[in-house]
Amino acid sequence: MKEAVLKVGDRQHGFICEQVTELPDLSATLIRLKHEKTGAELIHFANKDDNNVFSVAFRTTPKDSTGVAHILEHTALCGSERFPVRDPFFSMLKRSLNSFMNAFTANDWTMYPYSTQNEKDYYNLMDIYLDASFFPKLTENAFKQEGWRYEFEEPGDSSSRLLFKGIVYNEMKGAMSDPSSLMNRRVQKALYPTSTYHYNSGGEPESIPDLTWEGLKSFHASYYHPSNSRFFTYGDLPLEKHLKTIDEKALSRFERDYTDTSVKEEKRLTKPAREEYTYPLDSDSPDDLEKKSFVSVSWLTCRASDSFEVFTLGIISSLLLGNPGAPLYKALMDSKLGASLVPGTGYDDENMETNFSAGLQGTNPEDALKIEEIIIETLEKCAKDGFPDERIEAVIHQEELASKEITGNHYPAGLHILFNLFGSWIHDGDPVRPLLINENIARLREELKKGGFLEGRIRKHLLNNPHKVSVILRPDREHGKRELENEMKRLARVKDSLSEDEKAAIIKEAAVLQKEQEMEEDISVLPTLELSDIPKEGRKVASEIKKVGGRELYFFDQPTNGISYFRAIGDASCIPEELKIYVPLFCSIVTRIGAAGLNYIEMGERIEAFTGGISASSSVWDELDNLDSYSEIIEFSAKALVRNHDRMFEILGDIFSSPDFSDLARLHMLIGQIKSSLENSVPGSGHSYARDLAARHLTPAARRKEQWSGIHQLKFIKEVAAIKEEDLGEVAEKISSIADSLLNGKALKISAVTEERHFESLGKALDKFLSGIPSKEKQGLPPLPFSEGKGDEGWATNVPVSYVANIFKTVPYSHEDSPKLQVLAKLLRSCYLHREIREKGGAYGGYASYSTSEGMFSFLSYRDPHIKRTLKVYSDSIDWVLENRFSDDDLKEAILGVFGDIDKPLSPSGKGAREFIFTLRGITDKMRQKRREDLLGMTRDDIIFAARKHLKEGINMNSVAVISGKEMLKEATKGKEGLNLSIESI
């Protein structure tokens, strides 16, 4: 039955329809409504997508850096009026088939979104989210667990050190030790001296303990009110039921509130300002302080609600910085004053008043003025001379392609839509305007005809704008030590001020919290799905094999909205072993250099003008039935609008036929950028790096993977980056040798994802491409010998928290125990590790996972204040399973969690890419269906058997790795009880 279309003025379940907009480019209708009683706003984005999205969001504007908005986001999800259990959010993760479920704290808003393809699941989760948002319990113990609390280092011993504990506290200690994250925060602090953005909504570690439980509850009362809310629903479910549920379960219980939550305009600076901050560097680091600073120049620009101005500034940002030949990008990198563009470079439209930044990372503080001069001189030149028409068209082309692309591999497509419109909507602008890309493009073209439009905007928002700040972030060997000393002194003062009764109260409160955390709860009050709600058969993606140029190519018919996706996979086993370490470097640079007589700037402009990007990457595939055998894979991918098929393959043909690695200045620049990017990634992905470090001792495939994407690749890149530009000839020769082996049409396996009606034209362009590139027979070389064994290790870096990995070699995809391990991992994570490592241990996360493709079972922690305790928790979790301490519901929920991953929807391009890889690896529909049936038939005995055989008895088939601060690693290895870790520095 077709849903009745609302008209402006129609009323339904307390809502009045205020706007109905057809969006033919997005195949959707946007309906905007307001709740008459409370003033709550709701946007419904109606289309045919069955991955339905729901979100409720609030404008949350902190007045300090205690992290109140962030801690409230956590605490609201710790039990509510109708669901008074300790952790309904994480409990629902395992009682659901959600395709996405999370919560976000931004600078001035908090959002609670989810998505699912199951209608029953959709309304189950809506119940949870509505109750958590509007009627949370906000208990004092939840505040202490999620935010911060005092505890004595030795439980029950008031003579031991007093410590701060808490999940958000530890999370932000990790975040604020990351220089790239810290730089973004400090730029914002300097750029917004009087408004809410001056404060850290996530929380500064030294300020978090200033927040009280009463302050948290007061913040909720002021900000989590329907009158301050924005609802968003998306997909093919009918709107009427959404409105009925939201009104009955939440909004009908409120009256309108007139609290002003709007963001106040920043008081504009009358002259530029300069600020300088520091970040921690190991006090005994062997590296000097040269070229380790960050410099940024930033301007406050227009309001986020001015959609066309936001669009225009986005265009200007792309023109200035969008590719290596863009004038500001090129000027900064050609200066050789830094290794890469500073994090945050470009236009940011998230805040109520938007901003533009540019600068360099890997520089020196004394070069800050030179960097600023380069930025100003470049802007002056662009404001005087303008931009070539072809560059403007290339940037507009990118906007057009982005507006057409159907995303959804990481976030669901509906959430991308919400993010696109939300900046304007939350700041009281028109939420529809940001979606009307074609109208914005048409208006821009009209303005461009008049002449001087972009040049005028550069002068208005940048050159003639006195609200400019220059920020320097420099390394300081004493920074971390100072922070720790200040924390210890603060805690010592608190301890000295405590009476014996107060000390006893802290001990008692810690015991009460621990008892509450360990209490077995009856969560039957929570809604759930059953195994019968899981589809018995998985969704299939049809493919068509076509002969093109005498070879088989795989075509996938998907609704790609006028975009075609190309993917080619080659074999890297023909590369000599001494060159293998260079493969990721080759992949990173091969599409960013010159080719076919064109320099890197000309190639970059062609790629921008006619494609949505061209990239190369390396990966390792374990055999499906043998973990001692693997394939080394290089993958090339590209996408373009259908009208640009021929141009895309011309560019690919030039890259394959005649890449030019002779520009040593360009090579040196790219290596520096890669080094900066890898260094920036460690604090945010420490658990992944620790996992790969541990796994490399267990299988030859894992050893190669870590060499290509782990800490050893980072160390290699740092060594190469230290080579002088004029001495890079040998490196260029090695990369060129790799290109000779890999840029070879003979061994390529090729797929294309597009709409079927474009198969013929795409096939012709592909045939021309293949016939014009080198095609040589290359022999694979035997892999290095490998002997597995334990290789427990610690790696020190500039973080005040730890990432702890314990990895077990288990079985490959085709083994009968593989599905059991999938379910075991979900069971351990949700029923044991979450409680012990996050709730009780204070880490941001504790995980168990099983990789079907790698045969590895992983225990991981993230931003963790512990090392030895965490490893014991991993061990205890195995015993918990063997002692049969999980329930039938726990098992059911673990199976649901596995299917939530298996059946997670992908974008059209993602579906084709996955099916192509499955095909090449030999993972058939029959094999997947068999696994599906095995998972649905899983028993308790299966789980206990897998835990005993592969974890308890596989204790000699495991390896440990820890990434942490040097002092924490030293402490963990002390004494008879210390860990036997070999310690190195990253």
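Refer to the structure printed above.
Residues numbered from 1 in each chain as written. Predicted model: local features only at pLDDT ≥ 70, side-chain atom pairs only at ≥ 80, totals over all residues. Heavy atoms only, no water.

(A) Spotlight on the overall build of the chain. Helix and strand counts for the chain stand at 34 helices and 31 strands. Taken against the 2.2 N^0.38 rule, which gives 30 Å for 986 residues, the C-alpha radius of gyration of the chain at 28 Å falls within 12% of a compact globule. Dimensions along the principal axes, computed over C-alpha positions, put the chain at roughly 80 × 70 × 65 Å. In the chain, buried positions account for 58% of the 986 residues. Sequence separation of 24 or more characterises 81% of the internal contacts of the chain that already satisfy a separation of 6 or more. Of the accessible surface of the chain, which amounts to about 39,000 Å², a share of 48% is contributed by carbon and sulfur atoms. (Helix = DSSP H or I, 4+ residues; strand = E, 2+ residues; numbered from the N terminus. Rg over C-alpha atoms; globule rule 2.2 N^0.38 Å. Buried < 20%, exposed > 50% of the residue type's maximum accessible area, 1.4 Å probe, protein only. Contact = heavy atoms within 4.5 Å. Areas by Shrake-Rupley, 256 points an atom, 1.4 Å probe, with all protein chains shown as cover.)

(B) Structural context of the sheet that holds strand E20 (residues 563-571). Across the sheet, which stays open at both edges, the six strands sit in the order E18-E19-E25-E20-E23-E22 with mixed pairing between neighbours. Sheet topology places strand E18 (544-548) and strand E22 (614-623) at the edges, where each strand pairs with a single neighbour. Neighbour-to-neighbour, the strand axes of the sheet open up by a mean angle of 25°, direction not taken into account. As judged from the five bridges shared by strand E19 (residues 551-557) and strand E25 (residues 749-754), these two strands associate in the parallel manner. Paired with Tyr 554 across the strands is Ser 751, a residue of E25. Here helix H21 (residues 645-657) sits on the sheet in contact with E20, E22 and strand E23 (626-641), set at roughly 130° to E23. (Pairing = 2+ DSSP bridges. Axes fitted to C-alpha atoms, helices over the stretch in contact; angles between N-to-C directions.)

(C) Layout of helix H27 (residues 759-771). Taking 1.5 Å of rise per residue, 13 residues should cover 18 Å, and H27 covers 18 Å from first to last C-alpha, within 8% of that figure. Tucked inside the fold, the buried residues of H27 contact E18, E19, E20, H21 and E25. (Expected span 1.5 Å × (residues − 1).)

(D) Expanded view of the sheet that holds strand E28 (residues 845-851). Strand order in the open sheet made by the six strands is E28-E29-E27-E30-E26-E31, with mixed pairing throughout. Two strands close off the open sheet at either side, each with one partner strand: E28 and strand E31 (982-985). Neighbouring strand axes in the sheet, compared pairwise and without regard to direction, differ in orientation by 15° on average. In this sheet, strand E30 (residues 958-964) lies alongside strand E26 (residues 793-796) in parallel orientation, the contact comprising four bridges. What sits directly across from Ala 796, in E30, is Ser 964.

(E) Here's a closer look at the pairing of strand E4 (residues 41-46). Counted residue by residue, E4 has five buried out of six residues, so it is predominantly covered. Both strand E3 (residues 28-35) and E4 contribute to a ladder of six bridges, which runs antiparallel. Opposite Ile 31, over in E4, you have His 44 as the bridge partner. Counted along the chain from E3 to the antiparallel partner E4, the turn is five residues long, and its residue Gly 39 has a positive phi close to 85°. Bridge count for E4 against strand E11 (residues 229-235) is six bridges, and the pairing is parallel. Paired with His 44 across the bridge in E11 is Thr 233.

(F) Quick peek at the nonpolar core. One finds Leu 33, Phe 54, Tyr 112, Phe 134, Phe 231 and Ile 246 to be the most contacted residues of the largest nonpolar core, which totals 82 residues. Examining the composition of this core, we find that nine residues originate from one element, helix H3 (residues 119-134), more than from any other. Aside from chain neighbours lying at most four places away, what touches Phe 231 is Ala 40, Glu 41, Leu 42, Ile 43, Phe 54, Ser 55, Val 56, Leu 130, Phe 134, Ile 246, Leu 251 and Trp 425. Counting 63 residues, the second largest nonpolar core, distinct from the first, contains Phe 555, Leu 579, Ile 738 and Ala 739. (Core = buried A, V, L, I, M, F, W, Y, C linked by side-chain atoms within 4.5 Å.)

(G) Region of the structure containing unusual backbone geometry. With phi around 50°, Leu 138 is a residue other than glycine that occupies positive phi space. The topology assignment puts Leu 138 in the loop between H3 and helix H4 (140-146). Judged by relative accessible area, which is 5%, Leu 138 ranks as buried. At Lys 336, a position not held by glycine, the phi torsion is positive, near 60°. Counting through the fold element by element, Lys 336 comes out in the loop between helix H10 (327-334) and strand E14 (340-341).

(H) Main features of the environment of Ser 830. Along the chain, the position of Ser 830 falls in helix H28 (residues 818-840). Under the relative-accessibility criterion, Ser 830 is labelled partly exposed at 24%. For Ser 830 and Ser 91, which are 739 residues apart along the polypeptide, the C-alpha to C-alpha distance reads 7.6 Å. Of note is the side chain of Ser 830, whose polar atom sits 2.8 Å from the backbone oxygen of Lys 826. (Polar contact = N/O pair within 3.5 Å; in protein donor to acceptor, adjacent residues only side chain to side chain.)

(I) Just helix H16 (residues 479-497), in detail. Between the first and last C-alpha of H16 there are 27 Å, a value that for 19 residues agrees with the 27 Å anticipated at 1.5 Å per step. Listed as buried for H16 are His 479, Glu 487, Leu 491, Val 494 and Lys 495. Around the axis of H16, the buried residues are gathered within 145° of arc, so they sit on the same side. Projecting away from the buried face of H16 at angles above 90 degrees are the exposed residues Arg 493, Asp 496 and Ser 497. Close packing links the buried residues of H16 with strand E9 (149-152), strand E10 (162-165), helix H5 (167-175), strand E12 (273-280), strand E17 (468-476) and helix H17 (500-518). (Arc of directions from axis to C-beta.)

(J) Inspection of the packing of aromatic side chains at higher detail. One pass over the structure, following the stated rule, counts 49 aromatic pairs. Plain terms: the ring middles of Phe 58 and Tyr 224 are 4.4 Å apart, the flat faces sit at 15° to each other, and that makes the pair stacked. Placement of Phe 58 in strand E5 (residues 52-59) and of Tyr 224 in the loop between helix H7 (213-223) and E11 is noted, with a sequence separation of 166 residues between them. In this structure Tyr 224 comes out as buried when scored by relative accessible area, which is 2%. One residue, Lys 217, lies across the ring of Trp 213, its end atom 3.5 Å from the ring centre. For the cation-ring pair, Arg 253 lies above Phe 135, with the distance from its terminal atom to the ring centre recorded as 3.9 Å. (Phe/Tyr/Trp six-rings, centres within 6.5 Å; stacked < 30°, edge-to-face > 60°. Lys NZ or Arg CZ within 6 Å of the ring centre and 35° of its normal.)

(K) Looking closely at the side chain of Arg 606. Inspection of the secondary structure puts Arg 606 in helix H20 (residues 600-610). Residue Arg 606 is classed as buried on the basis of its relative accessible area of 19%. In terms of polar contacts, Arg 606 uses its side chain to reach the side chain of Asp 654, at 2.8 Å. Excluding residues within four positions of it along the chain, Arg 606 makes contact with Leu 598, Thr 611, Glu 650, Ile 651 and Asp 654.

(L) Structural context of the environment of Ala 695. Checked against the element boundaries, Ala 695 lands in helix H23 (residues 686-695). Sequence separation between Ala 695 and Val 960 is 265 residues, and the spatial gap between their C-alpha atoms is 8.3 Å. Dropping the residues within four chain positions of it, Ala 695 is found in contact with Ala 702, Ile 807 and Met 856.

(M) Geometry of the pattern of salt bridges. Applying the stated criterion across every chain, the model contains 84 salt bridges. One salt bridge connects Lys 546 with Glu 544, and the closest N-O pair in it is separated by 3.2 Å. The exposure class assigned to Lys 546 is partly exposed, which follows from its relative accessible area of 27%. A salt bridge links Glu 915 to Arg 914; the shortest N-O distance between them is 3.8 Å. (Salt bridge = Lys/Arg side-chain N within 4 Å of Asp/Glu carboxyl O.)

(N) Structural view of the packing of helix H12 (residues 389-404) against H20. Remark: H12 packs on H20, axes separated minimally by 7 Å, with the N-to-C direction vectors making an angle of 45°. One element, H12, and the other, H20, form an angle in the oblique class. Here Arg 391, Ala 394, Val 395, His 397 and Gln 398 of H12 come into contact with H20, specifically with Glu 605, Ile 607, Glu 608, Ala 609 and Phe 610. (Parallel < 35°, antiparallel > 145°, perpendicular 65-115°, else oblique.)

(O) How the structure looks around the packing of H23 against helix H24 (residues 700-709). One can describe the packing of H23 onto H24 by two numbers: an axis separation of 8 Å at closest approach and a directional angle of 140°. Taken together, the axis directions place H23 and H24 in an arrangement best described as oblique. Handedness of the crossing formed by H23 with H24: left-handed. Touching Tyr 689, Arg 691, Asp 692, Leu 693 and Ala 695 of H23 are Ala 702, Lys 705, Glu 706 and Ser 709, all from H24. (Left-handed = near helix turned anticlockwise from the far one by under 90°.)

(P) The arrangement of empty space enclosed by the protein in detail. Tallied over the full model, the rule gives two cavities of 30 Å³ or more. In this model, the largest cavity occupies a volume close to 50 Å³. Lining the largest cavity are Val 620, Asp 622, Thr 699, Ala 701, Ala 702, Lys 705, Glu 854 and Met 856. Listed by contribution, the elements that provide at least two residues to the lining of the largest cavity are E22 and H24. It is H24 that contributes the most residues to the lining of the largest cavity, three residues altogether. Of the residues assigned to the lining of the largest cavity, the class counts are four nonpolar, one polar and three charged. Here the second largest cavity defines a volume of roughly 30 Å³. Taken together, Arg 86, Ala 142, Gln 145, Leu 513, Glu 516 and Gln 517 make up the lining of the second largest cavity. (1 Å grid on protein atoms, 1.4 Å probe; cavity = no way out; pocket = protein on both sides within 12 Å on 5 of 7 lines; lining within 4 Å. Points joined across faces, edges and corners; volume = space filled by probe spheres on them. Nonpolar A, V, L, I, M, F, W, Y, C, P; charged D, E, K, R; others polar.)

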